[in-house]
Amino acid sequence: MKRKIPVIITSLVGTVLILSVFFPPAERMGEDFSIFFDIIAVFAFFLGGGNLVRIHGNKIYKKARDWGFSAVTLAGFFLMLAAGLFKIANPGGIAADVTAQGSLFQMLYDWIFNPLGASMYALLAFYVASASYRAFRAKNKEATILLIAAFIILLGRTPLGVYATAWIPEQFSLMQIPNLAIWIMTAPNLAGQRAIMIGIALGVISMSLRLILGVERTYLGTDNE
Amino acid sequence: MEIFGTWLAAFFTLGIISFLYRDNAWYKLCESIFVGISAGYWFVTLFWDNIHGLFWERITERHDYWLLIGASLGLMMLLRLIPPIGWISRWPLSFVVGATAGLYIINYFASNVMVQVENTLMPLFSAKFGDPLFSASPYSIVGNIVVAAGTFTGLVYFFFSKEHKGAFGGMAKIGIWTIMITFGASFGYTVMSRMSLLIGRMDFIFGDWLGLIR
C-alpha cells in the first residue's frame, strides 16, 4: 500500500502522457495532467513555506544562536505575504493585479527584492574573478584550450578586443577577436553544447523509462519515513 | 517616497557588498531579509497565478470540477507535516514524477535529440537543391564541418561502454577538446553576465543614489 500505489500512479500517469501524444482524443488528458502538475507544485511550495516558518520559529522559540536573524526572515516573509495576498495599498483595490504600480507588494519588489537579488549575483563577479585566477592555469592541453576559449570570448565582448585586432586586413577578418569570438560561439561551442544536450537527453529518457517501468524507486524514500 | 526607496535599495546593496570585507551582521541582516522576502514573493506569485488563476477561476467561472483532483493531490502533499500519515504525500509526489517522466520522454527526444541531430547534419556545400555546388561561403562550410565533427566526437567522449583507445580514443580526445571550448565559452559568458550585474549595481550606487554619474 505504502509503496505499490505510488509506483502504480507513476507508471499510469507516465504511460498516459506518452500515449496522449499518439492518440488525439487523449491529448486533452495530457493538458489536464499538466495543470494538476502546476497545482501540486504550488502546494509543494506551501510545504516549503511551512518548513521555513517551522525551522525559524523553532530557532526563535529556543533562542538559538542568531535567532534575531530568524525573526527578521519571518518578518520579511509575512510582510511580503500580507502585502501580496491582501493587496495592501494597491491603487486598484483587491480586484486589481497584485503587481500594480504603487502597491506595497510592488514597492517591496522594487526596493528590496530586486536590489538584494541583483547584488547577490553581482557579488559573484568577485568570486568568479578569484576562481578564474586559480582555474586559468595552463596545466595541460585541455586546460589551455579552456583558457584560450574563455579569454577570446571575454576579450571579444570588450572595446579592447575590437581595438587590439582592428589592424588585421578585411580578408582575414575572422582573425579579429570579436569575429573569432562569434565563430567560437557558433561553431565549436555549439558542437560541444549539442553533444552535452544530446547526452543529457538520452540520460533523461532512460531514467524516465526506468521510472515508468517501476525499476527506479529511490524517489519514494525508505519505509521509515 | 521614491527617495526613501532609493535609500533603502542602496542600504541593501551596500549590505550585500559588505561581505567582501568579511561576514558581518549587516550582510546577515540583508541575507535574512532576502530569504524571507523572496520566499514570500514566490508564495504570493504562485498563489495568484496557479491557485487563483489556474484553479479557483476555472472552477467558479468554467465549472471545471475535475481540477479538484489536482487540488486533492496538492493537499495530500501537505500531509507530510503529519508524520503518522505522512506516507500519503508519496501519492502526489508519484504523480509529479510520473508526469515529468512522461512529458520528458517525448519532449527531450523531440527537441534535444531529433532537432539537434537534424540541425547538426547540414549540407556542407550548397544549402538549396539547384544552387551552384560551391554557393556556400568557406566560413559556413568550415563551420558546418566543425559542428558535425565536434558533436559526433563529443558524443564519442560520453560513450563509456567502449574503452577510449586507438581511433576511438583519438575521437574521444577531440571530443573533450570541443567540450573544453564549450566550457571556456560558457565561463567567459558567465563572467561577463556577472560583471554586467555588478556594473548595474555600481551604476545605481553612483548614479541613482549618490548622483555622481549623470
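Here is what the cut-offs are and how they apply
- Residues numbered from 1 in each chain as written.
- Chains lettered and ligands numbered in written order.
- Predicted model: local features only at pLDDT ≥ 70, side-chain atom pairs only at ≥ 80, totals over all residues.
- Heavy atoms only, no water.
- Helix = DSSP H or I, 4+ residues; strand = E, 2+ residues; numbered from the N terminus.
- Rg over C-alpha atoms; globule rule 2.2 N^0.38 Å.
- Buried < 20%, exposed > 50% of the residue type's maximum accessible area, 1.4 Å probe, protein only.
- Contact = heavy atoms within 4.5 Å.
- Buried area = accessible area lost by both parts, 1.4 Å probe.
- Salt bridge = Lys/Arg side-chain N within 4 Å of Asp/Glu carboxyl O.
- Polar contact = N/O pair within 3.5 Å; in protein donor to acceptor, adjacent residues only side chain to side chain.
- Phe/Tyr/Trp six-rings, centres within 6.5 Å; stacked < 30°, edge-to-face > 60°.
- Lys NZ or Arg CZ within 6 Å of the ring centre and 35° of its normal.
- Patch = residues over 30% accessible without salt bridge, like charges linked within 9 Å, V, L, I, M, F, W, Y side chains within 5 Å.
- Areas by Shrake-Rupley, 256 points an atom, 1.4 Å probe, with all protein chains shown as cover.
- Core = buried A, V, L, I, M, F, W, Y, C linked by side-chain atoms within 4.5 Å.
- Axes fitted to C-alpha atoms, helices over the stretch in contact; angles between N-to-C directions.
- Parallel < 35°, antiparallel > 145°, perpendicular 65-115°, else oblique.
- Left-handed = near helix turned anticlockwise from the far one by under 90°.
- Nonpolar A, V, L, I, M, F, W, Y, C, P; charged D, E, K, R; others polar.
- Expected span 1.5 Å × (residues − 1).

(A) Looking closely at the overall build of chain A. A count of helices and strands for chain A gives 8 helices and 0 strands. Along chain A, helices (α) and strands (β) appear in the sequence α-α-α-α-α-α-α-α when read from the amino end. Taking 225 residues into account, the globule formula puts the C-alpha radius of gyration at 17 Å, and chain A, at 26 Å, lies well above it. By principal-axis analysis of the C-alpha atoms, chain A measures approximately 70 × 50 × 45 Å. In chain A, which comprises 225 residues, the proportion classed as buried is 42%.

(B) The arrangement of the interface of chain B and chain A in detail. Taken together, the contact pairs 110 residues of chain B with 108 residues of chain A. Overall, the association of chain B and chain A removes approximately 10,400 Å² of surface from exposure, summing both partners, and the carbon and sulfur fraction of that is 83%. When the buried surface of chain B facing chain A is broken down by residue, Phe43, Arg90 and Phe95 of chain B rank first, second and third, together holding 7% of it. There are 2 salt bridges connecting chain B and chain A. The partner of Lys173 of chain B in a salt bridge is Glu142 of chain A, with the nearest N and O atoms 3.4 Å apart. Applying the counting criterion to the chain B and chain A interface returns 13 residue pairs in polar contact (both at pLDDT 80 or more). If you list the elements that add at least two residues to the side of chain B that touches chain A, you get α1 (2-17), α2 (25-62), α3 (67-78), α4 (90-120), α5 (138-158) and α6 (166-209) of chain B. Per element, the largest residue contribution to the side of chain B that touches chain A is 28 residues, and it comes from α2 of chain B.

(C) Fine view of the packing of aromatic side chains. Following the criterion strictly, the structure yields 27 aromatic pairs over all chains and no others. Judged by centre distance (4.4 Å) and plane angle (35°), the rings of Phe19 of chain B and Tyr27 of chain B are tilted. Note on Tyr27 of chain B: relative accessible area 8%, which makes it buried. Cluster of aromatic residues (ring-pair linked, three or more members): Phe43, Phe45, Phe46, Phe77 and Phe78 of chain A together with Phe43 of chain B. Here the basic side chain of Lys87 of chain A rests over the ring of Trp48 of chain B, its NZ or CZ set 4.0 Å away from the ring centre. The residue whose ring lies beneath Lys162 of chain B is Phe168 of chain B, and the NZ or CZ to ring-centre distance is 5.5 Å.

(D) Geometry of the pattern of salt bridges. Enumeration over the complete set of coordinates arrives at 5 salt bridges over all chains. Here Asp66 of chain A makes a salt bridge to Lys28 of chain B, at a shortest N to O gap of 3.5 Å. With one member in each of two chains, Asp66 of chain A in the loop between α2 (27-61) and α3 (67-85) and Lys28 of chain B in helix α2 form a pair that bridges those chains. Here Asp66 of chain A falls in the partly exposed class, since its relative accessible area comes to 31%. One salt bridge connects Arg58 of chain B with Asp64 of chain B, and the closest N-O pair in it is separated by 3.6 Å. Within this structure, Arg58, Arg62 and Asp64 of chain B form a network of salt bridges that share partners.

(E) Structural detail: unusual backbone geometry. Residues and elements named next belong to chain A. The backbone of Lys87 sits at a positive phi, close to 50°, despite the residue not being glycine. Structurally, the position occupied by Lys87 is in the loop between α3 and α4 (104-135). Positioned with a positive phi, Ala89 is a non-glycine residue whose angle comes to about 60°. Looking at the secondary structure, you find Ala89 in the loop between α3 and α4.

(F) Representation of a nonpolar patch on the surface. A surface patch of nonpolar side chains, about 440 Å² in accessible area, is lined by Tyr121, Leu124, Phe126 and Tyr127 of chain A together with Leu20 of chain B. Within the secondary structure, Tyr127 of chain A is located in helix α4.

(G) Region of the structure containing the nonpolar core. Judged by nonpolar contacts, the single largest core of 52 residues is most densely connected at Val13, Phe105, Ile112 and Leu116 of chain A together with Ile16, Leu67 and Phe95 of chain B. Sorting the residues of this core by element identifies α1 (4-22), α2, α3 and α4 of chain A together with α1, α2, α3 and α4 of chain B as the ones contributing at least two each. A per-element tally of this core places α2 of chain B first, with 14 residues. Excluding its chain neighbours within four sequence positions, the residues that come into contact with Phe105 of chain A are Met80, Ala83, Gly84, Val98 and Thr99 of chain A together with Tyr41, Val44 and Thr45 of chain B. By size, the runner-up hydrophobic cluster in this structure holds 11 residues, among which are Ile177, Leu180 and Ala181 of chain A together with Ala185 of chain B.

(H) Examining the environment of Met192 of chain B more closely. With respect to the helices, strands and loops of the structure, Met192 of chain B is situated in helix α6. Judged by relative accessible area, Met192 of chain B falls into the partly exposed class, the value being 24%. Other than its neighbours up to four places away in sequence, Met192 of chain B contacts Leu154, Arg157 and Thr158 of chain A.

(I) How the structure looks around the packing of α2 of chain A against α4 of chain B. Orientation of α2 of chain A relative to α4 of chain B, taken along the N-to-C sense of each, is 135°, at an axis distance of 10 Å. When the axes of α2 of chain A and α4 of chain B are compared, the pair comes out oblique. For the pair α2 of chain A and α4 of chain B, the sense of crossing is left-handed. On the side of α2 of chain A, the interface is formed by Phe33, Ser34, Phe36, Phe37 and Ile40 of chain A, while α4 of chain B contributes Pro92, Phe95, Val96, Ala99, Thr100 and Leu103 of chain B. Classifying every residue of the contact of α2 of chain A with α4 of chain B gives 9 nonpolar, 2 polar and no charged.

(J) Region of the structure containing the side chain of Thr73 of chain A. Note that Thr73 of chain A resides in helix α3. In contact with Thr73 of chain A, other than residues within four places in its own chain, are His56 of chain A together with Ser32, Val35 and Gly36 of chain B.

(K) Molecular detail of α1 of chain A. Here α1 of chain A is 19 residues long and its end C-alpha atoms lie 28 Å apart, about the 27 Å a rise of 1.5 Å per residue gives. All of the buried residues along α1 of chain A are Pro6, Val7, Ile9, Thr10, Ser11, Val13, Gly14, Leu17, Ile18 and Ser20 of chain A. In this structure, the buried residues of α1 of chain A make contact with α2 and α8 (188-212) of chain A together with α4 of chain B.

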